[in-house]
Amino acid sequence: MINNIAEYLDINVDKDILLRMYSKVMIDNKNTFGKTPFVSYSLEDNRTGKPTGYEKVFEPLLSQHRKVHKNYQFRSTGFNTADSTEKDVFPHTDIDLDTEHPNGYNIVIPVFGNSNIIYYETKDEEVYLPEKNAHGHAYYHEFYAQKEMGQGTPEFEKFLSDRKIGHIVVDKPLLIKTDIMHRVVITKAPRCAWVTRWNNIPKDVSFQEFKKKVESIL
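Residues numbered from 1 in each chain as written. Predicted model: local features only at pLDDT ≥ 70, side-chain atom pairs only at ≥ 80, totals over all residues. Heavy atoms only, no water.

**With respect to helix 2 (residues 55-68)**
Because the α-helix completes a turn every 3.6 residues, residues three or four places apart line up on one side. Our working definition: We define the bend at each residue as the angle formed by axes fitted to the 7 residues ending at it and the 7 residues starting at it. Only DSSP runs of H or I covering at least 4 residues are called helices, and only runs of E covering at least 2 are called strands; the numbering of each starts at the N terminus. In this description, contact between two residues means that some pair of their heavy atoms is separated by no more than 4.5 Å.
Its axis deflected by about 55° at Leu-61, helix 2 carries its strongest bend there. Considering only its buried residues, helix 2 is in contact with helix 1 (15-25), strand 2 (39-42), strand 3 (78-82), strand 5 (103-120), strand 10 (182-201) and helix 5 (207-217).

And the structure:
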């Protein structure tokens, strides 16, 4: 656990609902999340910006999560899956530059398999906005070093090792802050986790305040 960045949640989770929802969408084998090696089933296709039609399928869970906060980001809300421990998600941030309020927090609920989320020291001069989504908004940062050294190279792994500030094991539901560089590493595959990205949260709502709200409602 990393205080105020990635912490476990004391909430009720209905695994049967999660597995039923997953069984209804996984037959598409459709990656909605862009260039990561994950196969993701989210509310919006990141490449086209169009709804995937999963909102009705996900409503049993979304109806509960809207009680916490009404706004959630469509492209990042849904299931993230990986069928191999070789398929990690490269270091990045998650940001929303098209909302009234800047804050965003993710709930991550493991369904099966296992993974770690690793966090890295984030310096403005070492990160950049690599691309825009289908709506024309930048939505994440990468390290310059990834572009210069190459993802997965010994040089880049050394760079990451020098900047690691901690990690959390995704074996229980957790709340994470996402404007700090972080990476998802699969430790047991196949792996599936549900993510809701709540966004458009006022800047003065702290991590702990939002965590308390999540736990009191869910």
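Now that the structure is up, let's keep going.
**Description of the packing of aromatic side chains**
Aromatic rings considered in pairs are described by the distance between their centres and by the relative angle of their planes. For clarity, the cut-off: Two rings from Phe, Tyr or Trp (for Trp, the six-membered ring) form a pair when their centres sit within 6.5 Å of each other. Planes less than 30 degrees apart are called stacked, planes more than 60 degrees apart edge-to-face, and all others tilted. Using a 1.4 Å probe on the protein chains alone, a residue whose accessible area is under 20% of its type maximum counts as buried, one over 50% counts as exposed, and one in between counts as partly exposed. Charges are assigned to positions over rings by a cutoff of 6 Å between ring centre and Lys NZ or Arg CZ, combined with an angular limit of 35 degrees from the ring normal.
For the structure shown, the criterion picks out 18 aromatic pairs. Plain terms: the ring middles of Tyr-22 and Phe-79 are 5.3 Å apart, the flat faces sit at 65° to each other, and that makes the pair edge-to-face. Taken together, the residues Tyr-22 in helix 1 and Phe-79 in strand 3 connect sequence positions 57 residues apart. The same class applies to Tyr-22 and to Phe-79, which are both buried. Ring geometry for Tyr-22 versus Phe-112: centroids 5.8 Å apart, planes at 65°, classification edge-to-face. Placement of Tyr-22 in helix 1 and of Phe-112 in strand 5 is noted, with a sequence separation of 90 residues between them. Members of the aromatic cluster, each reached through a chain of ring pairs, are Tyr-22, Tyr-41, Tyr-54, Phe-58, Phe-79, Phe-112 and Trp-194. Over the ring of Tyr-8 we find Lys-172; its NZ or CZ atom is 4.1 Å from the centre of that ring.

**Regarding the side chain of Arg-191**
Operational definition: Charged residues are defined here as Lys and Arg on the positive side and Asp and Glu on the negative side; His and the ends of the chain fall outside this count. Think of a salt bridge as a Lys or Arg side-chain nitrogen and an Asp or Glu carboxyl oxygen that are within 4 Å of each other. Think of a polar contact as two N or O atoms within 3.5 Å of one another; within protein, one of them needs to be a possible hydrogen donor and the other a possible acceptor, and neighboring residues in sequence only count if both atoms come from side chains.
By the secondary structure assignment, Arg-191 is in strand 10. Put simply, Arg-191 is tucked away with no salt bridge, and the nearest opposite charge, on Asp-171, sits 11 Å away. Within the local environment of Arg-191, its side chain forms a polar contact with the side chain of Ser-115, the two groups lying 3.2 Å apart. With residues up to four places along the chain from it excluded, the contact list for Arg-191 reads Phe-38, Asn-80, Thr-81, Ala-82, Phe-112, Gly-113, Asn-114, Ser-115, Val-184 and Ile-186.

These figures come from the coordinates and say nothing about function on their own.
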